[in-house]
Amino acid sequence: MRKKAIVTGASIGMGRGIALVLAKEGYDIAFSYYGDDENTKKDVVTTVRLLREAGAESWYTEADFSQKHAPKEFFEWAVNEMGGLDLLVNSAGVNMPLPLQQLTEDNIDYLFALDQRTYVLLMHYAAVYMIENHIKGNIINVSSSRGERAYPNAGIYCGIKAGLNHMIQAFALDVAEYGIRINNVAPGAVRVRTKEEL
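Let us look at the structure shown here. (Residues numbered from 1 in each chain as written. Predicted model: local features only at pLDDT ≥ 70, side-chain atom pairs only at ≥ 80, totals over all residues. Heavy atoms only, no water.)

**Topic: the pattern of salt bridges**
Then, number 1: With the rule as written, the count across this model stands at 3 salt bridges.
Then, number 2: Residue Glu38 is joined to Lys41 by a salt bridge in which the shortest nitrogen-to-oxygen separation is 3.8 Å. With Glu38 and Lys41 both in helix α2 (residues 38-53), this residue pair falls 3 residues apart, about one helical turn.
Then, number 3: Judged by relative accessible area, Lys41 falls into the partly exposed class, the value being 44%.
Then, number 4: A salt bridge links Glu53 to Arg49; the shortest N-O distance between them is 3.2 Å. Taken together, the positions of Glu53 and Arg49, both in helix α2 and 4 residues apart, correspond to about one turn of that helix. (Salt bridge = Lys/Arg side-chain N within 4 Å of Asp/Glu carboxyl O. Helix = DSSP H or I, 4+ residues; strand = E, 2+ residues; numbered from the N terminus. Buried < 20%, exposed > 50% of the residue type's maximum accessible area, 1.4 Å probe, protein only.)

What follows is the structure in structure tokens.
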């Protein structure tokens with residue numbers, strides 16, 4: 001029987017790569033994407049095709065995680081569609097580079113909502129679901145090397161990822177007794193699309 005995984009932001013980039021590896025390892029995938037332009041639609045179609053070729057069933061929906069209600073609605077939709085959950089991968093995120101002197105309240109609020117609040121809420125929903133259903137599952141968060149090292153024009157993003165790294169360690173202690181693991185990966189810069197897709 002195939003396991004069930006949620007992967008946020010899996011229409012392109014690392015999210016897609018993670019989803020494809022999981023598909024080959026026996027997971028069906030529910031994933032989120034954001035945007036309604038033609039490139040995004042093509043990306044989603046490509047991801048679904050690749051998942052199918054890897055043997056996975058998949059479900060997808062658009063989610064704007066900067067909106068307060070979006071994380072809960074997405075989580076409930078994904079679990080309902082798949083009929084369960086064994087693994088959550090928090091991958092969706094964005095950096096909006098600006099130096100300190102050019103920051104705006106909207107920029108700050110957007111980054112905190114998408115890159116930190118959403119991660120924490122989805123971890124919370126997944127942990128509660130796993131505990132209530134006696135699932136010894138896994139939660140993986142894609143952080144960033146910027147959480148370990150300072151970069152110019154990325155103070156908010158660096159701070160969010162550094163805080164997230166520490167939160168993840170504390171949250172892992174909270175759920176360890178239930179057999180739930182929480183891990184963190186912190187990659188550096190990646191190419192979102194291949195040269196052929198640019």
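The structure having been displayed, the exposition proceeds.
**Brief notes about helix α1 (residues 13-24)**
Then, number 1: An ideal rise of 1.5 Å per residue puts 16 Å on 12 residues; α1 measures up with 17 Å between its terminal C-alpha atoms.
Then, number 2: Summarising the contacts, the buried residues of α1 are in contact with β1 (3-7), β2 (27-33), α2 and β4 (87-90).
Then, number 3: Of the residues trailing α1, Gly26 is marked for its positive phi of about 100°. (Expected span 1.5 Å × (residues − 1). Contact = heavy atoms within 4.5 Å.)

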